[in-house]
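Residue-level structural notes
Single-letter residue listing:
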Amino acid sequence: MSAKYGLVGYNSSRKHISISIPSSTEVMSPHIKSVEELRVLGINLSSFSAPTQFFICVAGVFLFYLVYGYLQELIFSVEGFKPFGWYLTLVQFGFYSMFGLVELQLTQDKRRRIPGKTYMIIAFLTVGTMGLSNTSLGYLNYPTQVIFKCCKLIPVMIGGVNAIIWPDVSAALCMSLGLIWFTLADSKVAPNFNVTGVLLISLALCADAAIGNVQEKAMKLHNGSNSEMVLYSYSIGFVYILTGLLCVGGLGTAVAFCSEHPVKTYGYAFFFSLTGYFGISFVLALIKLFGALVAVTVTTGRKAMTIVLSFMFFTKPFTFQYIWGGLLVLFGIFLNVYSKNREKMKLPSIKDLRSWLLTGKKVRFLSQNV
């Protein structure tokens, strides 16, 4: 029968296709959303509800980054250290790479999921934001550096002209005026103010504005882990900075200076890097769980508190113009967050609030006439 219909040898030549579904502990395709746990410093965030996850991440960001900011300013308060901002960044990237390697070895899945080209871009942006930020402290007061880093919306708007809406314009205008006010105050009272510092921190701000969205897209598309992101981006960044220092020069003098003051340089840098690494882990968890916008909002709140603590713990000139400029920047940040979350949280628009206020005034006026 089978010979009649030309089916001879069908069973022997037939090919079998087997489909297996990986378990939660096995490596999944980088483009498939993972079902594995999300752990940060040994804490399994996947077992908590969304509000609890948010609270843990926010607490981690504030705790570790406040200590990070204190140690950063402490290092630059060491006499003679200010010219070595790039060397501090090199040491910091080296420590981050080691911490990331140790954490990655403790996880079951050690596979690199995010492409190398993406890591090269992220590493370049990370070098820009952290290296230029550290170097700017040689020219600016720490609060001025931090207030600039709060204003990511400005370069984001410049890069997305077609998508500008008026609340964002108002927010960017408030931030810009606040920055100008704060910077003018700093130029009057700070003895070490330099326009070079403004340029450096502005470039760092542009890189910082881009890096959050790049990290969010890479982690969600390829399902990369926090430890993988830190290890590869900072180790590649370490190579970038080392190559630059070897080409430009200055590595020898930085090593000689730090060797003379090992505790105040390498010792502080270790704890500075350790708290920064812990903080980055929670920031990446925020990005992965809630998106880059929420992460930027949380870190901006942390930076505002860092400015207050800076004036409390370190002696520096003070003027009330710092307060007015800072409040204007914070109002701009509020407008930005409000405009981005209005539809999600079903908040009233500025136009609605204005009409309600006008209606309330009209009602009070009529009641007074009655």
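Reading guide: rules and limits
Residues numbered from 1 in each chain as written. Predicted model: local features only at pLDDT ≥ 70, side-chain atom pairs only at ≥ 80, totals over all residues. Heavy atoms only, no water. Helix = DSSP H or I, 4+ residues; strand = E, 2+ residues; numbered from the N terminus. Buried < 20%, exposed > 50% of the residue type's maximum accessible area, 1.4 Å probe, protein only. Contact = heavy atoms within 4.5 Å. Areas by Shrake-Rupley, 256 points an atom, 1.4 Å probe, with all protein chains shown as cover. pLDDT = per-residue confidence, 0-100. Axes fitted to C-alpha atoms, helices over the stretch in contact; angles between N-to-C directions. Parallel < 35°, antiparallel > 145°, perpendicular 65-115°, else oblique. Left-handed = near helix turned anticlockwise from the far one by under 90°. Nonpolar A, V, L, I, M, F, W, Y, C, P; charged D, E, K, R; others polar. UniProt positions renumbered as here; feature names shortened; annotations may be inferred. Phe/Tyr/Trp six-rings, centres within 6.5 Å; stacked < 30°, edge-to-face > 60°. Arc of directions from axis to C-beta. Core = buried A, V, L, I, M, F, W, Y, C linked by side-chain atoms within 4.5 Å. Polar contact = N/O pair within 3.5 Å; in protein donor to acceptor, adjacent residues only side chain to side chain.

Bringing the overall build of the protein into the picture now. Within the protein, the regular secondary structure consists of 14 helices and 2 strands. Here the protein, with 370 residues, has 45% of them falling under the buried criterion. For the protein, long-range pairs separated by at least 24 residues make up 83% of all intrachain contacts whose partners lie at least 6 apart in sequence. Carbon together with sulfur atoms contributes 68% to the accessible area of the protein, which is approximately 20100 Å² in total.

Regions with low pLDDT should not have their predicted coordinates read in detail. Of all residues in the protein, 68% attain a pLDDT of 70 or more, and the chain-wide mean is 74. Within the protein, helix α1 (residues 10-13) has the poorest average pLDDT of any element, 46, and helix α10 (residues 251-260) the best, 91. This stretch, residues 1-35, has a pLDDT under 50; its non-local contacts, to residues over four places away or in other chains, come to 26 contacts. A low-confidence stretch, residues 361-370 stays under pLDDT 50, and its non-local contacts, those more than four residues away or across chains, total 0 contacts.

Interhelical geometry of helix α9 (residues 226-248) versus helix α11 (residues 262-290) gives an angle of 120° and a closest axis separation of 10 Å. In this view, α9 runs oblique relative to α11, as classed from their interaxial angle. The hand of the α9/α11 crossing is right-handed. Taking contact as the criterion, the partners of Asn 226, Ser 227, Met 229, Val 230 and Tyr 234 in α9 are, on α11, Tyr 277, Ile 280, Ser 281, Leu 284 and Ala 285. In terms of residue class, the contact of α9 with α11 is made up of 7 nonpolar, 3 polar and no charged.

Summarizing the sequence annotation, UniProt attributes the feature "transmembrane region" (unreviewed entry) to residues 54-72, 84-106, 118-142, 154-181, 193-211, 231-257, 269-298 and 318-338 in the numbering used throughout. For the annotated span residues 54-72, helix accounts for 100% and strand for 0% of the residues, and the straight-line distance between the end C-alpha atoms is 26 Å. Annotated as 91% helix and 0% strand, the span residues 84-106 places its first and last C-alpha atoms 34 Å apart.

Take the packing of aromatic side chains next. Enumeration over the complete set of coordinates arrives at 19 aromatic pairs. Considering the side-chain rings of Phe 64 and Phe 282, the 6.0 Å spacing of their centres and the 15° angle between planes classify their relative orientation as stacked. Taken together, the positions of Phe 64 in helix α2 (residues 50-76) and Phe 282 in helix α11 put the pair 218 residues apart, joining distant regions of the chain. A relative accessible area of 4% means that Phe 282 is categorised as buried. Three or more aromatic residues joined by ring pairs form one cluster here, namely Phe 64, Phe 93, Phe 95, Tyr 96, Phe 99, Tyr 234, Phe 270, Phe 271, Tyr 277, Phe 278 and Phe 282.

As a further point, take the environment of Met 305. Within the secondary structure, Met 305 sits in helix α12 (residues 292-313). As for Met 305 and Phe 62, which are separated by 243 residues in sequence, their C-alpha atoms are 8.8 Å apart. Ignoring any residue separated from it by four or fewer positions in sequence, one finds Met 305 in contact with Phe 62 and Leu 66.

Residues Leu 251, Ala 254, Phe 257 and Cys 258 constitute the buried set of α10. Down the axis, α10 shows its buried residues gathered within 130° of arc, on one side only. Exposed side chains of α10 directed beyond 90 degrees from the buried face belong to Gly 252, Thr 253 and Glu 260. Looking at the buried positions of α10, the neighbouring elements they touch are α3 (85-105), α9 and α11.

Another point: the nonpolar core. Of all hydrophobic cores here, the largest spans 73 residues; its most connected members are Phe 81, Tyr 87, Tyr 96 and Met 229. Ranked by residue count, the leading element in this core is α2, at 11 residues. Sequence-distant contacts of Tyr 87, that is, excluding residues within four places in its chain, are made with Leu 245, Leu 251, Ala 254, Val 255, Cys 258 and Tyr 266.

Let's shift gears to the packing of α3 against α9. It is the contact of α3 with α9, at a shortest axis distance of 8 Å, that shows an interaxial angle of 150°. The angle between the axes of α3 and α9 places the two elements in the roughly antiparallel class. As α3 runs across α9, the sense of the crossing is left-handed. Contacts between α3 and α9 involve Trp 86, Tyr 87, Thr 89, Leu 90, Phe 93, Gly 94, Tyr 96, Ser 97, Gly 100, Leu 101, Glu 103 and Leu 104 on the former and, on the latter, Ser 227, Glu 228, Val 230, Leu 231, Tyr 234, Ser 235, Gly 237, Phe 238, Ile 241, Leu 242 and Leu 245. Split into classes, the residues belonging to the contact of α3 with α9 amount to 14 nonpolar, 7 polar and 2 charged.

It is worth spelling out helix α5 (residues 142-149) at this point. In an α-helix, one turn spans 3.6 residues; hence positions three or four apart end up facing the same way. Extensive coverage of α5 is indicated by the burial of 8 of its 8 residues. Within the sequence span of α5, burial applies to Tyr 142, Pro 143, Thr 144, Gln 145, Val 146, Ile 147, Phe 148 and Lys 149.

Let us now look at the environment of Lys 220. Relative to the assigned elements, Lys 220 resides in helix α8 (residues 195-222). Note on Lys 220: relative accessible area 46%, which makes it partly exposed. The residues contacting Lys 220, other than those within four sequence positions of it, are Ile 287, Lys 288 and Gly 291.

Our next topic: the side chain of Asn 134. Along the chain, Asn 134 turns up in helix α4 (residues 116-136). For Asn 134, a relative accessible area of 1% translates into the label buried. Among the polar contacts made by the side chain of Asn 134, one reaches the side chain of Thr 89 at a distance of 2.9 Å. Every residue in contact with Asn 134, bar those within four places of it in the chain, is listed here: Gln 72, Phe 76, Gly 85, Leu 88, Thr 89, Gln 92, Gln 145 and Phe 272.

So, on to the environment of Tyr 65. Residue position: Tyr 65 is located in helix α2. Remark: the alpha-carbon pair of Tyr 65 and Ile 280, spanning 215 residues in sequence, is separated by 8.6 Å. Residue contacts for Tyr 65: discarding those within four places in its chain leaves Gly 60, Gly 276, Gly 279, Ile 280, Val 283 and Arg 302.

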